[in-house]
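Structural overview for review
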Amino acid sequence: MKIVAVTACPTGIAHTYMAAERLEKEAKRLGIEIKVETQGAMGIENALSSKDIAQAEAVIFAVGIPVQKKERFNGLKVIEVPVQEAIKNPGTIFETITG
Amino acid sequence: MTRHIHFQFPLIDGLHLRPAMQIQETAERFTSSITWENQRTSRVADCKSSLSLISSEILRDDPCQITIDGEDEAQAEEALRRLVQLKFFGCEKEQADAIVAQMSGLQSIRLPQIIKKENPLYFSGVGSGHGAVYGNAFIFEPYEMRLSYDKRESIDTEEQRRAVRNAIDVVAHELSSAASISRNPTERDIINVHLAILRDKSYLQKIDTYITEENYSAPGAVFQTERHFADVLQNSKSHYIRQRLADIRDISYRIISIIEGIPTKNVDVHFTGPTILVAENLLPSQFISLDKKNLKGIVQAEASTNSHTVILARAFDIPMVTGIEGIHHKIDRGETLLVDSIRGLVIPSPGPAILRFYDLESEKNRRMREKETPFILEPGVTADGKRLEVAANIGSLDELESAFLNGAEAIGLFRTEMVFMNRTQPPTEEEQFDIYSRAARISGSRSLIIRTLDIGGDKPVPYLEIPRETNPFLGSRGIRVYADFHDIITVQLRAILRASAFGNVKMMFPMVSCLEEVLAMKETLHHLMMELESEGLVFNPSVPIGVMIEVPSAAASLNDISQEVDFFSIGSNDLAQYFFAADRSNPRVTNIYKPLFPSFLNLLKTISEDAHLRGKWVSICGEIAGNLHYLPLWVGVGFNEISLASYLIPSIKSSLLKLRADECNALVSELVTLKTAAQIQERLLDFSRAQIGIDLITEDLIVLDSGAETRDEAIRESVNMLEVAGRIENSDDVEDAIVQREAIHSTHIGFGIAIPHCQSSRIHINSIVFLRTRSPISWDGPDSDPVDMVFLLAVRCPSPDNDHLKILSRLSRKLMDDDYRAQLRNARTPGDVMGCINECI
């Protein structure tokens, strides 16, 4: 199973990366393949390619501000959560996808 | 077709959550895409997201553009325009308050977050002195003066005259002995002013007239004389002159109380503990007789920023807040009072949270002073020993003492306009001689540059009839008016020449544009010197003469002018304005008026080099001289002196010590080869950052046993550390930005960690503060997990620096790691924490 995710927060200097780290760690623990794009103060990093998105079964938006280039994910199952939710309870997010 | 709305953002507090929500609500009614660009920061926000709007850091007066694109763009534009026109978004109350505050002469007070939250009763006025003090109120009851004296049927004129003479002798004796035991120069100087009133001819004559011609008793005549001068001076438009009233009242009341046998030292109370004196109006002599051991602060109803009492309080380092109407009736004796003279704030019966806030403040101030004090009385010098004299600009005699207390090595510019303004007749030679010679005596061997009258069509003075000009800034001003007002200028030149016998006086002419003007002035001076000599008056025949370099043509004829004068002082504001042909008060041309243009920097460098080639001394005294960021330029250009507002001197001196002259020289040589102002700005910023260090964190930003008990205290303690380290401009602003960010979403991330942060233009250097609290604190209220580790992240805006952002993102990721957090929790020394953080670099 492959999942993609986008993290972003208002200031874009800390939460964005914490959420990315937590999602990656949790996915690894669950044996899920994940790629997380960060939209922070340094701009878009680890950008998701159209290939990444095409292969994914769902996309997680862990965000506090609007996602940039959101149209890329049209047609894909979206799980949108506040960015701090991804930091505090990443497990629950994956349960909604797998369960 | 896309539509745009352009405007300047009007809200004083910038774009905060409330207006942002309204914009969002409006924008959401339309399907068009609506974005908001802050053109200052080039940040673009989505109007349908209030968070995105807030994150774009829109400040008051930022140029903004709303862009609307979509099917219903016409309707959306109309709705948004209405919001913009409605000034703004139902937040006009805040503006109205600020305008009322401005009109009533009060500063609009922005309370620090911790105090705001406590919502205490407070009074605001104008503060003087630096610091916050705490004590019990002592309500000062002034002299019990009669409100009027009646004329008598008949009096023994000689007896009344004798009574006045005796009383004056007693007061003069008291004052002289007070002066002889005073160890404070400001105090001595003010006592001398009072002694001068006692000798003043018109004052004594007036008293005599009231006795002999109007049949007043001795105290009645003194009282009437005081009222007479009060009426005359009260109408003066000059705030400064009105303040002198208090001195006359003070002296008159003392004379009356001697005649009437009222004890004069009724303030001679012994304060038993830390005391805040609350008075309607405290006279200078009353201040002098106060027990200063326990006197911690003064609160006064009457507004006065320039009175001798305020100056005395400053000289004795006693914080004072003035201008709180009726305060002496609103405070009870013995009530505890907090006086914050930095913010002009008085808080009765402050609660524990406020007291803890001020504990943090005084710790901050103590540490700042500790950093600056060692330099105050040291000469201005760079790390590698290059001298740069740090002098003060002053506008009156009163500012002289505080300039020297702040460490001024000299007076680089004494503006004399105030001596001439707000009066109907020009000041006499004696009046001026008195002012200039006192300034010379107080300055002693320190250089005192007195600039002759700099006045013109833009600063009208009733007795100087300068015809209206269509363009006063290019018209008759400064030295150009001297030919028309020969008599007035001659009086001033004579007064300055005579004062030159009493100290290290230098004379400087404003607005010089050619050699001829200098030659004409020198000839006048030559005549005046002969005149003085024939009158037997003393002066310094070789008084140094200098000119202001404000007009580009003077800069271009520097070689010729150099042969006639001893020094130059660059008036950078006017020089830039004339050089760029751009009015500095016109916001439409501010992009042209920039001291950082390569052309202007080159001009400054040329002036300095040309002057030095001729062996002349050169200084810069304009506003930009006091800008800390430009300091490397002044060192590199090779000025002998910089002259600035005196409160800036300690920080300028301590920054100077961090610079190396050889590096500054190399910097300037490099900067003058650059092509644009932006390139210079960027290079200069890099240089300054390298001086202070570009590390995100240093050991002095790590506290392992913080006593903070609440979220707000932890934030305050952290931002205070940044201010002490010189990494931010001011704690209150950065605290506001952080608390605003916290209000959107708590930055408590779990694991006992909170990462309060913000991006702000008030941050000079990207920084991390690490705070470990002695006991866990509640971050989001009692139900949330407690926090014991706080990482405060402060990031510059705009142009944050990607390397630093990368480190912060790595640190953020690391904090998600159990072992990493354990390492931080177990760290024993700041060095251990540095080790952890260095893993992210």
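Before reading further, recall that the structure is shown in the block above.
Here the structure is a predicted model, which is why all the values come from computation and not from measurement.

**A look at the overall build of chain B**
Counting its secondary structure elements, chain B contains 32 helices and 26 strands. Every one of the 841 residues in chain B was classed for burial, and the buried ones make up 55%. Pairs at least 24 apart in sequence give 69% of the contacts found in chain B among residues at least 6 apart. Counting every atom, chain B has about 36,600 Å² of accessible surface; 50% of that belongs to carbon and sulfur.

**A few points about the sheet that holds strand β18 (residues 567-570) of chain B**
All names here are of chain B. Strand order in the closed barrel formed by 8 strands is β13-β14-β15-β16-β17-β18-β19-β20, with parallel pairing between adjacent strands. In this sheet, adjacent strand axes meet at a mean angle of 25° when their direction is disregarded. For β18 and strand β19 (residues 617-620), the ladder comprises 4 bridges, and the chain directions are parallel. Bridge pairing links isoleucine 570 to isoleucine 620 in β19. The strands touched by helix α18 (residues 486-499) within the sheet are β15 (447-451) and β16 (504-509), with β16 carrying the most contacts at an inclination of about 155°.

**Concerning the interface of chain B and chain A**
Counting residues at the interface gives 29 residues for chain B and 21 residues for chain A. Of the roughly 2,200 Å² buried at the junction of chain B and chain A (both faces included), carbon and sulfur atoms supply 65%. The interface formed by chain B and chain A holds 3 salt bridges in total. Two residues, Glu21(A) and Arg813(B), come together in a salt bridge whose shortest N-O distance is 3.0 Å. Inspection of the chain B/chain A interface yields 7 residue pairs in polar contact (both at pLDDT 80 or more). Split into classes, the residues belonging to the side of chain B that touches chain A amount to 11 nonpolar, 13 polar and 5 charged.

**Examining unusual backbone geometry**
Of note in the backbone geometry, Lys69(A) takes a positive phi value of approximately 50° without being a glycine. In this structure, Lys69(A) sits in the loop between β4 (58-63) and β5 (77-81).

**Some details on the side chain of Arg477(B)**
All names here are of chain B. Looking at the secondary structure, you find arginine 477 in the loop between β15 and α18. Of the residues examined, arginine 477 reaches a relative accessible area of 5% and is grouped as buried. One polar contact links arginine 477 to tyrosine 578, side chain to side chain, over a distance of 2.5 Å.

**So, the pairing of strand β1 (residues 2-8) of chain A**
Residues and elements named next belong to chain A. Within β1, 7 of the 7 residues are buried, leaving the element largely enclosed by the surrounding structure. Alternating positions in β1 separate into two faces, Lys2, Val4, Val6 and Ala8 on one and Ile3, Ala5 and Thr7 on the other, with burial throughout. Relative to strand β2 (residues 33-40), β1 is paired through 6 bridges, and the arrangement is parallel. Bridge assignment links lysine 2 to a residue of β2, and that residue is glutamate 33.

**Here we look at the packing of aromatic side chains**
All names here are of chain B. Following the criterion strictly, the structure yields 18 aromatic pairs over all chains and no others. Relative to phenylalanine 223, the ring of tyrosine 149 has its centre 5.4 Å away and its plane inclined at 55°; by these criteria the two rings are tilted. Linking tyrosine 149 in the loop between β7 (132-139) and α6 (157-181) with phenylalanine 223 in helix α9 (residues 218-234), this pair joins segments that are 74 residues apart in sequence. One exposure class covers both tyrosine 149 and phenylalanine 223, and it is buried. Three or more aromatic residues link up through ring pairs in this structure, and these residues are Phe579, Phe580, Phe597 and Phe600. Directly above the aromatic system of phenylalanine 404 lies the positively charged group of arginine 446, at a separation of 3.6 Å from the ring centroid. Above the ring of phenylalanine 751, the side-chain terminus of arginine 821 is found at 3.9 Å from the ring centroid.

**Here we look at the pattern of salt bridges**
All names here are of chain B. According to the stated counting rule, one finds 51 salt bridges over all chains in the structure shown. The partner of glutamate 361 in a salt bridge is lysine 364, with the nearest N and O atoms 3.4 Å apart. Placement of the pair is glutamate 361 and lysine 364 together in helix α14 (residues 352-376), with a separation of 3 residues, close to one helical turn. In terms of burial, glutamate 361 and lysine 364 fall into one category: buried. Where aspartate 732 meets arginine 716, a salt bridge forms, and the shortest distance between an N and an O atom there is 2.9 Å. Here aspartate 732 is found in helix α29 (residues 731-744), whereas its partner arginine 716 is found in helix α28 (residues 711-724), with 16 residues between them in sequence. Overall, the relative accessible area of 0% leaves arginine 716 in the buried class. One connected set of salt bridges, linked through shared partners, spans Asp340, Arg343, Glu361, Lys364, Arg716, Glu723, Asp732 and Glu735.

**What to know about the nonpolar core**
Phe509(B), Ile549(B) and Trp634(B) are the most contacted members of the largest nonpolar core, which has 96 residues in total. Per-element accounting of this core gives the leading share, 7 residues, to α18(B). One finds Leu23(A), Met42(A), Ala58(A) and Met721(B) within the second-largest nonpolar core, a separate group that totals 78 residues.

The rules we used
- Residues numbered from 1 in each chain as written.
- Chains lettered and ligands numbered in written order.
- Predicted model: local features only at pLDDT ≥ 70, side-chain atom pairs only at ≥ 80, totals over all residues.
- Heavy atoms only, no water.
- Helix = DSSP H or I, 4+ residues; strand = E, 2+ residues; numbered from the N terminus.
- Buried < 20%, exposed > 50% of the residue type's maximum accessible area, 1.4 Å probe, protein only.
- Contact = heavy atoms within 4.5 Å.
- Areas by Shrake-Rupley, 256 points an atom, 1.4 Å probe, with all protein chains shown as cover.
- Pairing = 2+ DSSP bridges.
- Axes fitted to C-alpha atoms, helices over the stretch in contact; angles between N-to-C directions.
- Buried area = accessible area lost by both parts, 1.4 Å probe.
- Salt bridge = Lys/Arg side-chain N within 4 Å of Asp/Glu carboxyl O.
- Polar contact = N/O pair within 3.5 Å; in protein donor to acceptor, adjacent residues only side chain to side chain.
- Nonpolar A, V, L, I, M, F, W, Y, C, P; charged D, E, K, R; others polar.
- Phe/Tyr/Trp six-rings, centres within 6.5 Å; stacked < 30°, edge-to-face > 60°.
- Lys NZ or Arg CZ within 6 Å of the ring centre and 35° of its normal.
- Core = buried A, V, L, I, M, F, W, Y, C linked by side-chain atoms within 4.5 Å.

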